[in-house]
Amino acid sequence: MRMFATIAKLLVKRVLTAIPILLIVSALLFCILRILPVDPAAMSLPPNATVQEVEAMRAEMGLNLPLYQQYGIWLNKLFHGDIGRSIHFRQDVTSLIGSTLPATIELAVIAMGVATVFGLAGGLFLFYVRGTRAEAAMDFLSILLLSLPEFLWSLFLLLIFGVFFEVLPFTGRLSPGFERPVVTGFLLLDSLITGKIPTFLNALEHMILPCLALGIALSPSLMRVLRSSLLDAYQDDYIQQARLRGLSEKRILIRHGLKNAILPTLSLMGVQFGFLFGGTLLVEIIYSYPGMGNLMVDAIRNADLPIIQGAGLTYCIAVLVISIVVDSLYLILNPKLRVR
Amino acid sequence: MAIPSANNPILSAKNLCVESLGGKESFPVLTDLNFSLEPGKILGLVGESGAGKSMIGRTISQYLPNGFSVTKGTLAFDGEDLVTMAAERRRNLLGRDIAFIPQEPLSGLNPVLTVGQQMKEHLLRIGLAAGENWRERALKEFEAVHLPHGAALLEKYPHQLSGGMCQRILIAMAFASRPRLLIADEPTTALDVTIQARIVKLIAEMQKRDGTAVIFITHDLRLASQISDEIMVLYAGRPAERGPAKQLFSAPAHPYTRCLQLANPNISGPRRGLFILPERMPGLRVLKELKGCRFASRCPNAIEACTETEPPLADIGPNHIAACIRTEKTPDIVPPPLAPGREIASTRIHLNGEKLTKAYTTAWSPFAKRSAFKAVNSVDFTLGEGEFVGIVGESGSGKSSLARLVVGLDTPTDGRITLAGRDVTANGRSEKAYRRQYIQMVFQDPQSALNPRRRIGSIVTQANEASGLHTGARERMDRAAELLKEIGLPPDAAMRFPSQLSGGQKQRVNIARALCTLPRILVADEIVSGLDVSVQAQLLDLLLKLRDEHGFSMLFISHDLSVVRYLCDRVLVMYRGEVVENGETETVFADPRHPYTRSLLAAVPPDDVNTEWSPVAAEAGYQIE
Amino acid sequence: MRPLPLWLKSGRVQTGLVIIFILAVCAIFAPYLAPNDPNEQNLLSILTPPIWADGGDAMFPLGTDSLGRCVLSRLIFGARVALTVAFSASIGAMIIGAFFAHVAGYFGGWVDWLIGRVVEIWLSFPPVILSLILMVGLGTGLRNVVLAIVLVDWTRFCRVLRSEVIVLRRRDYVSAAQLVGFSHWRTITREILPGTLPLLITLMSLEMGVAIIVEAILSFVGMSVGSETAAWGQMIADARQNIYDAPFNLIAPIFAIFFAVFGFNILGDGLRRTLDTRLTQTERT
Ligand SMILES: Nc1ncnc2c1ncn2[C@@H]1O[C@H](COP(=O)(O)OP(=O)(O)OP(=O)(O)O)[C@@H](O)[C@H]1O
Ligand code: SF4
Ligand SMILES: [Mg+2]
């Protein structure tokens, strides 16, 4: 019962501190993008518009006002759920993000699962072979893996499984000919809900390469942290004491070692998963996966400010949510923070 | 040699040798260990750090550090050799028939599991409880070690408990299975004196209840003689002497035992000088080459013959053996006369604190209100010229916080400090500069007090680097050489790094740095704690010698009452941030007025083995836990 | 001759240094090493395979891309961008990050709080996204790439170094230095910095790898140096169009990036081991 209260307190506190962070982030976004050489007014008019027309448009868009007033207006609209209209797509940014965000979340969440499984298994294995000759080799291998970011993994897996062996699809979320069911926006979920198993399987196939690329790329750093935290934990007295009480090595590892070593690993995950969410952008481009990353890059290429601002803010919110979730988990697992 | 006995010994070692592998060579860590321990008896293992005390415990569990192994001999538990026994069989004995109590109680329990979860795990493994009835059993065990509120305790995590409580829990766990052998490795070193006494008593009580044989490892000969039936003194991996506790303590046969005893200041009776054991115990590398008696280089009774062959452990009395060829000369070793009592040259007061208070607040944040905690609460004190004033008190009583206020590392939240006639309470730039001429500090932990990346020569003359004091490299080197000579280190030490020195040498460097600018006042925070008695005696002697030369005064913080008695003219007793007693050392120790002081004094094991050691239960209001 | 310092004896450090040396030679002597002008388009021989494959051309040892440019020459010239970015960005990020880390960790209080919050805000942006947005704001060009990476990655240094500074700050030798009258500046530079230096060097080596990756990512999406300069990320973007016809054009720059990043990582790992620093992970409370 007390645990829930503490977690609730943490949640409230974190959400409250997230608000000023988001305000500052949005101000930063706004400023960075306002120093841009392109003129959003001119961009939203046909190329043959006259100078007067552009001026009128500028006035209408509020671009003549001082920067802070512009920000105020923008923020006010933001509160009403209006991030603006895409100049390029001629569509509301909210609906554009709404239609791409679920795809990105789906990708990120599965990739986090992959990273966790590989990271924990690899870390345990690295720890298991400690002090043997295999350790040096494995350690070297983990540095090799560490040098391959998700960006290279994506291309690499695509080349091997997509191009050379042609066993897995590597563009989009569904093969042509499949109908996309829309309920929640999460494709895997929707196809299950609507009972379209073939669609589900096809979508799953499309997820394999991008998720593997993201997950594998992240796992070496988790492995290494878990390994070193386990080594640290095994330096502590309570492990020795557990041995002297005659507990089996397996039990010591799981109940005493891992339970402590998971804490530093978890706090690294909080940061890394935030990075992973940003990493989806590249993976989406490489696999032509219709998520927020592709939307963002399209917007950048077209200097489509409202989308860049909106998507940028969405990425920040996602990172904050991830870090709040991880922090709550940390709190649950670490009694030192939970009880005084 | 083995002590004849009617009972079968529970543990017996025969010619046990343990070696460590360093590179291609191997070095002896334990040499020819022979002893046997009968059921229900307590064997005290005494020796300086590095003598191999803990290695015996580790050999019993066979969890030896990497590269260490038993190369010869047997170590039999109830007739079965633990060394050659199958690992699974040995593991089965651990926690059931053989139990351990660790040195650091707080880290001996898993921080992420509740006390209950850990107790349950243990009870279920040894088969004392099944299913849900572990709870009752656990409470029963807690009751036996006098832990109140057992049921609430089960839900607690280790970090919510004090060190003493954690140690009680570990003792309850150890005795839950009614083990036949218990190894307690310095079980009280990390605890406050008052708690130490009670933990030792508790172990003895539990041991009696179950008839457990105990190996009690400690560096404190006085403590060992109080609790043990038999004592074995180890020197450099080999027993120097073994015998019945009382006899060994009152009439030590081996010079080392005698020297150890005399190196420790006494707590009762007239003060005596300290015997200074020179140098250090030989290292493993030296030992390997060594021919004769391993104590010869430090022994006051050594003669030519001592360096020829290793003296055997010879019988010198009933059940009493010693490895020395001149045991008859041992009683001739006497402490040097006490340094003549100095007269305090003038009654001038150097330093004066009035109602000093320091409240620590939580970390800065614009949102949370900072909560304050008074580590030092309205403390009055004075320090006269040439005077040594001791500050004693349990951990967390505010001793170090007071020291930080005095030297200006912290600014008091209330009260006044006057230094040589000037008010330095404000602790601004000019006060700091003024203070610097008068006060320096010697820090507790030499590991953390010496920058590992500086050479010794640069550390001791560090003050010359500070603004306004720049001196040439030549002068600095000369000054360093001078300082090193004063503190008794060889001149070539100047070019070494701290990691290349021993703990005692580091502490000397620590003192030299503070002395560099010839301050009038030294503040020394626990500078001898954690050091071996022989090194401690060397340092105490050094401080007295330096005082004779330079005439500084000192605030000496220590938890060791006998050291304070030896060194200090006056003593302040602190309890929870306040000074509860303040007076001449002899008066306070002979006639303590405050109940807390009384319980502190009673907690020290007496000098005389025949005196009953009865740590009084602290009086109401001064209960520690 | 003085014996080699310990860190230079480590095989990892040596491997890393050799790789970086090779890359540096490529970058510095690119005009002499490259067989062709990296931007010269040979429209008559586009997408030629590497020399060992059927139809390989000795003129283009690693083949040509879809515009007939020599892949090997572009790889060699690409090392210039990569290394310039690696060195300048990591030095810039190190200076800013280390400065704030030392100030925050040493002084504590509201300074620490403020710097901590700024880092928190930074961390709420995934680095890739932040650098893209910065590039949109700053415009393309080598200088801006470096600037963007510095602005994004200084927090990596700040976060990790700060906790190390706090550990060192609590050491008694820092108090001792203050007591003998060291100024804050002198205490930081003489007592704390020597202690954080090994970690700092290690982080810098790792950061160089990160900078190379970020530059490749930016040039992959066309937000780095202009198309007139050869860059590895750009080569990947170009090769992606012809993935079936000329997979090797994709493999070559991937390998180049991997090779460079591996060099810096193995150097960093070797330094970490030999300089005995704990790469403490983020302390979260
Ligand atoms: N910087 C600080 N911030 C907050 N609390 C502190 C700080 N320094 C000391 N304290 C607290 O003040 C109290 C007194 O601590 P202090 O270190 O002075 O005790 P001590 O008598 O020297 O103990 P020990 O024998 O363990 O050295 C303790 O409860 C400690 O936790
Ligand atoms: S044998 Fe000689 S050197 Fe050794 S302890 Fe006895 S008297 Fe001292
Ligand atoms: Mg203290």
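Residues numbered from 1 in each chain as written. Chains lettered and ligands numbered in written order. Predicted model: local features only at pLDDT ≥ 70, side-chain atom pairs only at ≥ 80, totals over all residues. Heavy atoms only, no water.

1. Quick notes on the pairing of strand β4 (residues 68-77) of chain B
Residue and element names in this part refer to chain B. Just so we agree on the cut-off: Think of it this way: DSSP has to see at least two bridges between two strands before they count as a pair. The helix and strand labels rest on DSSP assignments: H or I over at least four residues marks a helix, E over at least two residues marks a strand, and numbering proceeds from the N terminus.
Relative to β4, strand β1 (residues 11-22) runs antiparallel, the two being bridged by 8 bridges. Its bridge partner being in β4, S12 is matched across the sheet by A76. Sheet topology note: the β4/strand β5 (residues 80-81) ladder contains 2 bridges and is antiparallel. Paired with F77 across the strands is E80, a residue of β5. Hairpin geometry of β4 and β5 is characterised by an intervening segment of 2 residues between the two adjacent antiparallel strands and by a positive phi of about 50° at D78.

2. Re the pattern of salt bridges
Stated precisely, the cut-off is as follows: Just to be clear on terms, a salt bridge is a Lys or Arg side-chain nitrogen sitting within 4 Å of an Asp or Glu carboxyl oxygen. Only protein chains enter the calculation, and the probe is 1.4 Å; a residue is then buried if its accessible area is under 20% of its type maximum, exposed if over 50%, and partly exposed in between.
Evaluated as defined, the whole model comprises 53 salt bridges over all chains. Linking D139 of chain A and R224 of chain A is a salt bridge whose minimum nitrogen-to-oxygen distance equals 3.5 Å. Placement of D139 of chain A in helix α6 (residues 133-146) and of R224 of chain A in helix α9 (residues 197-235) is noted, with a sequence separation of 85 residues between them. The same class applies to D139 of chain A as to R224 of chain A, namely buried. Here R186 of chain C makes a salt bridge to E465 of chain B, at a shortest N to O gap of 3.4 Å. Here R186 of chain C, found in helix α9 (residues 184-220), pairs with E465 of chain B, found in the loop between α16 (456-460) and α17 (473-486), and the two come from separate chains. The network of salt bridges with shared partners includes E135, D139, R224 and R227 of chain A together with R12, D269, R272 and R273 of chain C.

3. Considering the domain arrangement of chain B
The condition is simple: Note that domain bounds follow an automatic or database assignment of domains.
Taken domain by domain, chain B comprises domain 1 (111-176) and domain 2 (381-454 + 498-591). Measuring from the centre of the C-alpha atoms in domain 1 of chain B to the corresponding centre in domain 2 of chain B gives 40 Å.

4. As for the site of ligand 1
All names here are of chain B. Threshold: Summary of the distance rule: residues count as near a molecule or strand when at least one heavy atom falls within 4 Å of that molecule or strand. Polar contacts, as counted here, are pairs of nitrogen or oxygen atoms within 3.5 Å of one another; within protein the pair requires one atom able to donate a hydrogen and one able to accept it, and residues that are adjacent in sequence qualify only if both atoms are side-chain atoms. Accessibility throughout is a Shrake-Rupley quantity obtained with a 1.4 Å probe, and a residue counts as covered only by protein chains that appear here. Amino acids are sorted into nonpolar (Ala, Val, Leu, Ile, Met, Phe, Trp, Tyr, Cys and Pro), charged (Asp, Glu, Lys and Arg) and polar (every other residue, Gly among them).
Near ligand 1 you find Y360, F373, A375, E394, S395, G396, S397, G398, K399, S400, S401 and E526, and these make up its full shell. The contact in question runs from an oxygen atom of ligand 1 to an N or O atom on the side chain of S395, over 2.7 Å. Separating an oxygen atom of ligand 1 from a backbone N or O atom of G396 is a distance of 2.8 Å. Surface burial for ligand 1 is 60%, taken as the share of its 640 Å² of free accessible area covered by protein chains. Within the residue set of the shell around ligand 1, elements represented by two or more residues are β14 (372-384) and α13 (399-407). Among the elements that make up the shell around ligand 1, the one with the highest residue count is α13 (3 residues). Residues of the shell around ligand 1, tallied by class, amount to 3 nonpolar, 6 polar and 3 charged.

5. With respect to the sheet that holds strand β11 (residues 314-317) of chain B
Residues and elements named next belong to chain B. Cut-off, in case you're wondering: An axis is simply a line fitted to the C-alpha atoms; with a helix, the fit covers only the stretch in contact. Between two such axes, the angle follows the N-to-C directions and lies from 0 to 180 degrees. Residue contacts follow a heavy-atom distance rule, with two residues in contact if any of their heavy atoms lie within 4.5 Å.
Within the open sheet, the 8 strands sit side by side as β6-β7-β8-β3-β9-β10-β12-β11. Their pairing is mixed. Looking along the sheet, the strands with just one partner apiece sit at the ends: β6 (98-101) and β11. Each strand of the sheet is rotated relative to its neighbour by a mean of 20°, with strand direction disregarded. Sheet contacts for helix α11 (residues 255-263): β3 (42-46), β9 (230-235) and β10 (238-244); angle to β9, the most-contacted strand, approximately 95°.

6. Observations regarding the interface of chain B and chain A
For clarity, the threshold we go by: Accessible area, probed at 1.4 Å, shrinks when two parts are joined; the buried area is that loss added up over both.
Each side of the interface is counted separately: chain B has 27 residues, and chain A has 23 residues. Summed over both partners, the interface of chain B with chain A comes to about 2300 Å²; 56% of that surface belongs to carbon and sulfur atoms. Residues R251 of chain A and E121 of chain B are paired through a salt bridge, measuring 2.7 Å at the closest nitrogen-oxygen approach. On inspection of chain B and its partner chain A, the count reaches 13 residue pairs in polar contact (both at pLDDT 80 or more). Of all the secondary structure elements, the ones that give two or more residues to the side of chain B that touches chain A are β6, α3 (105-108), α4 (115-125) and α7 (163-176) of chain B. Ranked by residues supplied to the side of chain B that touches chain A, first place goes to α4 of chain B with 5 residues. For the side of chain B that touches chain A, the per-class residue count stands at 13 nonpolar, 10 polar and 4 charged.

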